[in-house]
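Structural overview
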Amino acid sequence: MASQNPQSDIYDPKTLAVMDQAFAAIWKVLQADDPFRDYGKDGELRIAVGQKLLNLVADGVTDPGRLRQLTVESLLPGHWRAEINGRP
């Protein structure tokens, strides 16, 4: 489904700040999930996270917690439910 918001909203400073906040939170979850992975050199994963965030924001999702949840769910199926239930 196409976004009701114009694409230019993605580049609004507030939206960019929310995306930055969500990206940092997502990255921490991913690092905790696999602490032995070399995340500093994983450009492909950075692109995947960024693309997912862009798609979600384009669809109107702007809450950092929701962005984090939906992105983590797409990359680590089942992880979010375990985290909610008190398991890392």
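Summary of the structure given here. (Residues numbered from 1 in each chain as written. Predicted model: local features only at pLDDT ≥ 70, side-chain atom pairs only at ≥ 80, totals over all residues. Heavy atoms only, no water.)

For helix H2 (residues 43-58), which comprises 16 residues, the first-to-last C-alpha distance of 22 Å matches the rise-based estimate of 22 Å (1.5 Å per residue) to within 8%. As for H2, its buried residues are in contact with helix H1 (13-33) and helix H3 (64-75). Note on H2: the residue one or two positions beyond its end, Gly60, has a positive phi of about 100°. (Helix = DSSP H or I, 4+ residues; strand = E, 2+ residues; numbered from the N terminus. Expected span 1.5 Å × (residues − 1). Contact = heavy atoms within 4.5 Å.)

This part covers the nonpolar core. Formed by 20 residues in total, the largest nonpolar core has its most connected members in Ile26, Trp27, Leu30, Leu45, Val49, Leu53 and Leu67. Those elements that provide at least two residues to this core are H1, H2 and H3. Every residue in contact with Leu67, bar those within four places of it in the chain, is listed here: Val18, Ala22, Ile26, Leu53, Leu56, Val57, Val61 and Thr62. (Core = buried A, V, L, I, M, F, W, Y, C linked by side-chain atoms within 4.5 Å. Buried < 20%, exposed > 50% of the residue type's maximum accessible area, 1.4 Å probe, protein only.)

On to the packing of aromatic side chains, then. Given two aromatic rings, their pairing is described by the distance between the two centres and the angle made by the two planes. Scanning the entire structure with this criterion turns up two aromatic pairs. For the ring pair Phe23 and Trp27, a centre distance of 5.4 Å and an interplane angle of 15° mean the geometry is stacked. Separated by four residues within a single helix, Phe23 and Trp27 lie in helix H1, roughly one turn from each other. Comparing Phe23 with Trp27, the two get one shared label, buried. Measuring from ring centre to ring centre gives 5.4 Å for Trp27 and Tyr39, while their planes differ by 80°; the resulting arrangement is edge-to-face. (Phe/Tyr/Trp six-rings, centres within 6.5 Å; stacked < 30°, edge-to-face > 60°.)

Angle between the axes and distance between the axes are the two parameters that describe a pair of packed helices. Two elements in contact, H1 and H2, have axes whose closest approach is 11 Å; the angle formed by their N-to-C orientations is 135°. By the criterion of interaxial angle, the relationship of H1 to H2 is oblique. For the element pair H1 and H2, the recorded crossing hand is right-handed. Residue-level contacts link Thr15, Met19, Ala22, Phe23, Ile26, Trp27 and Leu30 of H1 to Leu45, Arg46, Val49, Gly50, Leu53, Leu54 and Val57 of H2. For the contact of H1 with H2, the residue count by class is eleven nonpolar, two polar and one charged. (Axes fitted to C-alpha atoms, helices over the stretch in contact; angles between N-to-C directions. Parallel < 35°, antiparallel > 145°, perpendicular 65-115°, else oblique. Left-handed = near helix turned anticlockwise from the far one by under 90°. Nonpolar A, V, L, I, M, F, W, Y, C, P; charged D, E, K, R; others polar.)

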